[in-house]
Amino acid sequence: MARAFNFSAGPAVLPEEVLKEAAAEMLDYDGSGMSIMEMSHRTKTFEKVLNEAEADLREIMNIPDNYKVIFVQGGATTQFAAVPMNLMSANKKAAYIETGNFSKKAFQEAKIFGNARVVASSKDKNYTYIPDCSDLLIEEDDDYVYICENNTIFGTKFHTLPNTKGKPLVSDQSSCFLSEPVDVTKYGVIYAGVQKNVGPAGLAIVIIREDLIKEDADLQFPTPTMLKWKTQIDAKSLYNTPNSWAIYICGKVFKWIKKQGGLEAMKEKNEKKAKILYDYLEKSKLFKNDVEKDSRSIMNVVFRTGSEELDAKFVAEAKEHNIVTIKGHRLVGGMRASIYNAMPIEGVEALVKFMEEFEKENA
Ligand SMILES: *Cc1c(COP(=O)(O)O)cnc(C)c1O
């Protein structure tokens, strides 16, 4: 049976090699006589999986020693609340940049806890661009500045980080995590739900600069134990039963990335794939991408014909060409091709070939 070209925004395509390896180990992981899923998280075997995953991630991202890494449950959305709970100090203030649905949700969550303000937004043009963030109205007692770095639904990406005027930058990297090299030292906190680019759903990875980790006495809110970053850091992500299966798969994906040549190689391949699509979209008379050129995402490429009927026809016929989950998010309609690390170039080529045929037939 052939694998589909799966353009899903998440859960999304994973490297075939990783899936095959996991399949081969399903009945007997490393001579244990069981799968990782069936194994206690307190075993030496699982601890090794977890430790290697962290070590490989640190190597791939070049994470400095003064940053902690935790693997936690509840996806990215749980971090929308964990961020203000763990970072707000006495005045409970934070600056949010609104570039789409996920940053808006994070902002609304922060408002439950304190005085979160939107200091820049691209809502005026339906989030088709990243606003200028070189001189934001950041206040002296803001605890952090928040961005969603790649906007999964709207197909935009910060290519320049905001000027936070010395405040820690918190970034939701869910849909661009490990897609290209990043300078971790520019961030206070990076977090990502892993089901977009690196693994199964239900796991988030949080990378936190040490000086931002609060002791219990400094937390401003009655914070549930599971939501305190310090709990998870002290317990090395083993406070309770972790999402061991997802950690195991992520670990394999990290090794796959290393084998491919690391994040430089990911970036090169991802840019190449995105260019094939954007180049075609620029010359197409049928399909349009509304995103401003310098704000384009290389992970999520959105496009539309302008006719809902034709969009639906495209999605239906694409399926016959083995091109699946290409429908846009319900908030924006149209189509969206998510072309994460594990999407082969052949998938993008097949998509563009089909788009060309569709354009000819429906001109
Ligand atoms: C998917 C996504 C989320 C939500 O992730 P969950 O794991 O479903 O909570 C948050 N932020 C971004 C940027 C996303 O792409």
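Right above here is the structure, for reference.
Residues numbered from 1 in each chain as written. Predicted model: local features only at pLDDT ≥ 70, side-chain atom pairs only at ≥ 80, totals over all residues. Heavy atoms only, no water.

## Things to note about the pairing of strand β5 (residues 145-148)
Of the two faces of β5, the one holding V145 and I147 and the one holding Y146 and C148 are both buried throughout. Where strand β3 (residues 93-98) lies against β5, 2 bridges are found, and the strand directions are parallel. Note on β5: the bridge partner recorded for A95 is V145. Pairing analysis gives 4 bridges linking β5 to strand β8 (residues 169-172), with the strands arranged parallel. Across the sheet, the residue bridging to C148 is D172, located in β8. (Buried < 20%, exposed > 50% of the residue type's maximum accessible area, 1.4 Å probe, protein only. Helix = DSSP H or I, 4+ residues; strand = E, 2+ residues; numbered from the N terminus. Pairing = 2+ DSSP bridges.)

## Structural notes on the pairing of strand β9 (residues 189-193)
Of all 5 residues that make up β9, 5 are buried, and the element is covered over most of its length. What you see with β9 is no split at all: V189, Y191 and G193 on one side and I190 and A192 on the other are buried throughout. Note that β8 and β9 share 3 bridges and pair parallel. Each residue of the ladder has a partner; that of D172, found in β9, is Y191. Of the pairings in the sheet, the one linking β9 to strand β10 (residues 203-209) comprises 5 bridges and is antiparallel in character. When the sheet's bridge partners are listed, I190 is paired in β10 with I207.

## Quick look at the state of the cysteines
Counted under the stated rule, the structure contains 0 disulfides. Of all cysteine sulfurs in the structure, the one in C176 sits closest to C250, which takes part in no disulfide; the separation is 15 Å. (Disulfide = S-S within 2.5 Å.)

## Brief notes about the sheet that holds β9
Read from one edge to the other, the open sheet built from 7 strands follows the order β2-β10-β9-β8-β5-β3-β4, with strand pairing classed as mixed. Each edge of the open sheet carries a strand with a single partner, namely β2 (67-73) and β4 (115-121). Strand-to-strand, the axes of this sheet are offset by a mean angle of 20°, without reference to chain direction. Inspection of the sheet shows β2 paired to β10 by 7 bridges, in the antiparallel sense. By the bridge assignment, F71 is partnered in β10 with I205. Docked against the sheet, helix α2 (residues 44-61) engages β2, β9 and β10, running at close to 130° with respect to β2. Contacting β3, β4, β5 and β8, helix α4 (residues 101-113) runs over the sheet at an angle of about 160° to β3. (Axes fitted to C-alpha atoms, helices over the stretch in contact; angles between N-to-C directions. Contact = heavy atoms within 4.5 Å.)

## Re the packing of helix α1 (residues 16-24) against helix α6 (residues 244-260)
Close contact between α1 and α6 brings their axes to 9 Å; oriented N to C, the two are set at 135°. Between α1 and α6, the angle is such that the two are oblique. Viewed along their axes, α1 and α6 form a crossing whose handedness is right-handed. Counted together, E17, V18, E21 and A22 of α1 and W245, Y248, I249, K252, V253, W256, K259 and Q260 of α6 form the full contact between these two elements. Across the contact of α1 with α6, the residue classes tally to 7 nonpolar, 1 polar and 4 charged. (Parallel < 35°, antiparallel > 145°, perpendicular 65-115°, else oblique. Left-handed = near helix turned anticlockwise from the far one by under 90°. Nonpolar A, V, L, I, M, F, W, Y, C, P; charged D, E, K, R; others polar.)

## Details of the side chain of R336
Note on placement: R336 falls in strand β13 (residues 335-338). In this structure, R336 is buried with no salt-bridge partner, the nearest side chain bearing the opposite charge being D172 at 12 Å. Within the structure, the side chain of R336 is placed 2.8 Å from the backbone oxygen of T152, a separation counted as a polar contact. (Lys, Arg positive; Asp, Glu negative; His and termini not counted. Salt bridge = Lys/Arg side-chain N within 4 Å of Asp/Glu carboxyl O. Polar contact = N/O pair within 3.5 Å; in protein donor to acceptor, adjacent residues only side chain to side chain.)

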